[in-house]
Amino acid sequence: MNQVRTRFPPSPTGFLHIGGARTALFNWLFTRHHGGKFILRIEDTDVTRSTEEAVNAIIDSMQWLGLNWDEGPFLQSKRLAIYQEHVEKLLSRGKAYRCFCAPEELEEKRKRALQEKKKPKYDGKCRNLSSPYPDGPYAVRFKGPEEGRTVVEDLVKGRIVFENEELDDLIIQRSDGMPTYNFAVVVDDGTMGITHVIRGDDHVNNTPRQILLFRALGYPLPHFAHVPMILGSDRTRLSKRHGAESVMAYKEMGYLPGGLLNYLVRLGWSFGDQEIFSIGEMIEKFSLENVGKSAGIFNPEKLRSINGDHVKVREASKLVPLVLPFIKAKGYDIVEGEKLNKIVDILKGRSKTLVEMADQAEFFFKEEIEYDEEAAKKFLRPEAIDVFEELIEGLKGMEIMSEAEVESLLRGVAERREIKLVKVAQPVRVALTGFTASPGLFEVIDILGKAQTIKRLEEASAFIRSSVARPGGENED
RNA sequence: GUCCCCAUCGUCUAGCCUGGCCAAGGACACCGGCCUUUCACGCCGGCAGCACCGGUUCAAAUCCGGUUGGGGACACCA
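How each quantity is defined
Residues numbered from 1 in each chain as written. Chains lettered and ligands numbered in written order. Predicted model: local features only at pLDDT ≥ 70, side-chain atom pairs only at ≥ 80, totals over all residues. Heavy atoms only, no water. Helix = DSSP H or I, 4+ residues; strand = E, 2+ residues; numbered from the N terminus. Rg over C-alpha atoms; globule rule 2.2 N^0.38 Å. Buried < 20%, exposed > 50% of the residue type's maximum accessible area, 1.4 Å probe, protein only. Contact = heavy atoms within 4.5 Å. Areas by Shrake-Rupley, 256 points an atom, 1.4 Å probe, with all protein chains shown as cover. Lys, Arg positive; Asp, Glu negative; His and termini not counted. Charge placed at Lys NZ, Arg CZ, Asp CG, Glu CD. Near = heavy atom within 4 Å. Polar contact = N/O pair within 3.5 Å; in protein donor to acceptor, adjacent residues only side chain to side chain. Nonpolar A, V, L, I, M, F, W, Y, C, P; charged D, E, K, R; others polar. Pairing = 2+ DSSP bridges. Axes fitted to C-alpha atoms, helices over the stretch in contact; angles between N-to-C directions. Domains from an automatic or database assignment. Buried area = accessible area lost by both parts, 1.4 Å probe. Salt bridge = Lys/Arg side-chain N within 4 Å of Asp/Glu carboxyl O. Parallel < 35°, antiparallel > 145°, perpendicular 65-115°, else oblique. Left-handed = near helix turned anticlockwise from the far one by under 90°. Expected span 1.5 Å × (residues − 1).

Asker: Help me understand the overall build of chain A, please; the structure alone is not making it clear to me.
Answerer: Regarding its fold elements, chain A presents 19 helices and twelve strands. Against the 2.2 N^0.38 benchmark of 23 Å for 477 residues, chain A shows a C-alpha radius of gyration of 32 Å, more extended than a compact globule. Summarising its shape, the C-alpha atoms of chain A cover approximately 105 × 50 × 35 Å along the three principal directions. Out of the 477 residues in chain A, the part that is buried amounts to 49%. Within chain A, contacts between residues at least 6 apart in sequence are counted, and of these 75% link residues at least 24 apart. With an accessible surface of roughly 23,600 Å², chain A has 50% of that area assigned to carbon and sulfur atoms. Charge separation in chain A, taken as the distance between the mean sites of 68 positive and 73 negative side-chain charges, equals 6 Å.

The structure is reproduced here in structure tokens:
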């Protein structure tokens, strides 16, 4: 196969959403797999809806995801002369014609057809007009064949046949001189030498029209691959009402690009029973043959789980700079370092997202521990004070505190009292973290350090005394 | 309405092309259990599906036809 050239052509009318990201991903993966070129093209011919912010937002998302492109971004709005040239070529060859029908009139006919349950289609009123032309603005229409059929050999769907009479004469240039989507796409794909068009299957109906345009313009046909769409939980097109759909929203929710990409690639594509892929494996194993044909439903639960798998295997040092902003956002002015590294290391196996990790790390940085009400009621009882004091004494006697020493200290306390370790561990856990569930206690104490551990144990003792002293605030049995 | 596409556990999917190895495998979620200083992880086990009808065949999740269901497209939007 010649050098593969693909493109991702978002229209900058909003943020990059999940569906678009997956289309971009499939193109990117296919291209990287074949060592080709991936082109970013901004389809901004609809001036009224396109914005520069959207262009930037899309670029930011692509960069965050790591879907780098080799050429572009090209803006269609900067290529107007090229489209004009192609329109004239078609006009002079009699493959396009001027249409003077008023948009309102067309809209009226269209609505009526839909109401009468008929297929809305241009009636060809201006198809055979010739000069002298009437005054007034005109659009340019493609003069399509009235009979025969156009066949799409789709790389994922197989052969799809369309009757040409179903295809009406689409407008290729608006009366304001701007090209329309179907035309601009073909001119761009043709001039940019695109070899593979991989896009959502909501485009299959556009494909025969585009094929006709490719032929009329004399460009070689690219290969087409229509991938199934992503649907929301109600089985309709994914949109805002299905919850977050912008890629950046997932960044803010603490997802890793690799985790999101992994989830997305498995929605509609598979490689045997394998679920977890690194970016490298995705590139190595991706192929269009293994893309499924049916639409998939976006499942946030599975995304979260897969993201967790990615968090788990990432080195702590790589995770540190990624969680840091989330911890800072909670109001803790901390810096990277050995301590944060250790925290991330014990947390990464239990956090599905960076947001969860930041939440779980919070107690390490709190000046004062707030005790979970239930936890305090159950474990911060008078008899714990004695345990805390013995621990404090033991801690004070340690020169250098190590995890192993902490463990034997705690086990020793339990043994002397002839109680199970858990009876000692839980009150201590609540005193140190505020909760009944936390990472391993020995590790927590090791990270907290001697001084901070002693301080928290003392504060917990004080808390117990004050709640016992408070009338009505006594712990009951 | 017309055209196009799709159809395996609740969800993502393997298997389908090249029928038998499938009393259908994996993952998420859910439910048990084990491990254990708690929670989580991990491990073990469970729940749950070939949309329906007919045909071809010794044999069909796999091939063919139809039905039903779902989705998408029908703009001087992309």
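Asker: Explain the protein's contact with RNA strand B here, please?
Answerer: Close to RNA strand B lie 65 residues; K117, R174, G268, R350 and R429 are nearest. Considering RNA strand B, the proportion of its atoms within 4 Å of the protein that are sugar or phosphate atoms stands at 69%. S270 has a polar side-chain atom sitting 2.8 Å from a phosphate oxygen of RNA strand B. In the surface near RNA strand B, the residues fall into 22 nonpolar, 20 polar and 23 charged.

Asker: What should I look at first to understand helix α5 (residues 181–191) in this one?
Answerer: Among the eleven residues in α5, nine count as buried, and that is most of the element. Every buried residue of α5 is listed here: N182, F183, A184, V185, V186, V187, D188, D189 and G190. Looking at the buried side of α5, the elements it contacts are β1 (5–8), β2 (37–42), α3 (80–92), β8 (171–173), β9 (196–200) and α6 (207–217). Following α5 by one or two positions, G193 adopts a phi angle in the positive range, close to 65°.

Asker: Looking at this structure, how should I read the sheet that holds β2?
Answerer: In a beta sheet, neighbouring strands are held together by backbone hydrogen bonds and run either parallel or antiparallel to one another. Overall, parallel pairing links the three strands, which are arranged β1-β2-β3 in an open sheet. A strand with exactly one partner marks an edge of an open sheet, and here the two such strands are β1 and β3 (71–75). On average, each strand axis in the sheet is tilted by 25° relative to the strand beside it, whichever way the strands run. As paired strands, β1 and β2 are joined by four bridges and run parallel to one another. Looking across to β2, one finds that T6 is bridged to F38.

Asker: For this particular structure, what's the right way to read the pairing of strand β7 (residues 158–163)?
Answerer: Across a regular strand the side chains alternate sides, sitting on one face of the sheet and then on the other. Bridge count for strand β6 (residues 149–154) against β7 is six bridges, and the pairing is antiparallel. Its bridge partner lying in β7, E153 is registered against R159. Hairpin connection, β6 to β7: the antiparallel pair is bridged by three residues.

Asker: Can you walk me through the domain arrangement of chain A in this structure?
Answerer: How big an interface is tends to be stated in terms of the accessible area lost upon association of its parts. Taken domain by domain, chain A holds domain 1 (240–314), domain 2 (315–365) and domain 3 (368–477). Here the C-alpha centroids of domain 2 and domain 3 sit 24 Å apart. With eight residues of domain 2 at the contact, the number on the domain 3 side is eleven residues. Taken together, both faces of the contact between domain 2 and domain 3 bury some 850 Å²; the carbon and sulfur share is 72%. Of all residues in domain 2, I346, F363 and F364 give up the largest surface area on contact with domain 3, accounting jointly for 64% of the area buried on that side. Ionic pairing is found between K342 and D446, a salt bridge with its closest N-O pair at 3.4 Å. Across the contact surface, domain 2 and domain 3 share four residue pairs in polar contact (both at pLDDT 80 or more). The set of elements that each furnish at least two residues to the side of domain 2 that touches domain 3 consists of α12 (338–347) and α13 (354–365).

Asker: I would appreciate a short explanation of the packing of α12 against helix α18 (residues 441–448) in the present structure.
Answerer: Each pair of packed helices can be summarised by the angle the axes make with each other and by the distance between the axes. Taken N-terminus to C-terminus, the directions of α12 and α18 make an angle of 165°; their axes are 10 Å apart at the nearest point. Comparing the axis directions of α12 and α18 gives the class roughly antiparallel. The two elements α12 and α18 cross, and the hand of that crossing is left-handed. Where α12 approaches α18, its residues K339, K342, I343 and I346 are matched on the opposing element by E443, D446 and I447. Residues of the contact of α12 with α18, tallied by class, amount to three nonpolar, no polar and four charged.

Asker: What is the right way to read the sheet that holds β8 from this model?
Answerer: Pairing is antiparallel across the open sheet formed by three strands, whose spatial order is β4-β5-β8. On the outer flanks of this sheet lie β4 (96–99) and β8, each paired with one strand and no other. Pairwise comparison of adjacent strand axes, ignoring direction, gives a mean angle of 45° for this sheet. Pairing of strand β5 (residues 139–142) with β8, which is carried by two bridges, proceeds in the antiparallel orientation. By the bridge assignment, R141 is partnered in β8 with I171.

Asker: Is there a simple way to explain the side chain of N262 in this structure?
Answerer: Following the sequence through the fold, N262 ends up in helix α8 (residues 257–266). The contacts of N262, once residues within four sequence positions are left out, are E275, I276, F277, M282, I306 and H310.

Asker: Please clarify how helix α16 (residues 403–417) should be interpreted in this entry.
Answerer: In an α-helix, one turn spans 3.6 residues, which is why side chains three or four residues apart end up on the same side. Between its terminal C-alpha atoms α16 stretches 22 Å, which fits the 21 Å expected from 15 residues at 1.5 Å a residue. Buried residues along α16 sit against α15 (382–396), α17 (421–433) and α18. Downstream of α16 by a residue or two, E418 has a phi angle that is positive, lying close to 55°.

Asker: What am I meant to see in the environment of P321 here?
Answerer: Here P321 is to be found in helix α11 (residues 316–329). For P321, a relative accessible area of 36% corresponds to the partly exposed category.

Asker: Looking at this model, I keep getting lost on the packing of α3 against α5. Mind explaining?
Answerer: At a minimum axis distance of 10 Å, the contact between α3 and α5 shows a crossing angle of 100°. Relative to α5, the element α3 is oriented roughly perpendicular. Residue-level contacts link I82, Y83, H86, V87 and L90 of α3 to F183, A184, V187, D188 and T191 of α5. In the contact of α3 with α5, the residues fall into seven nonpolar, two polar and one charged.

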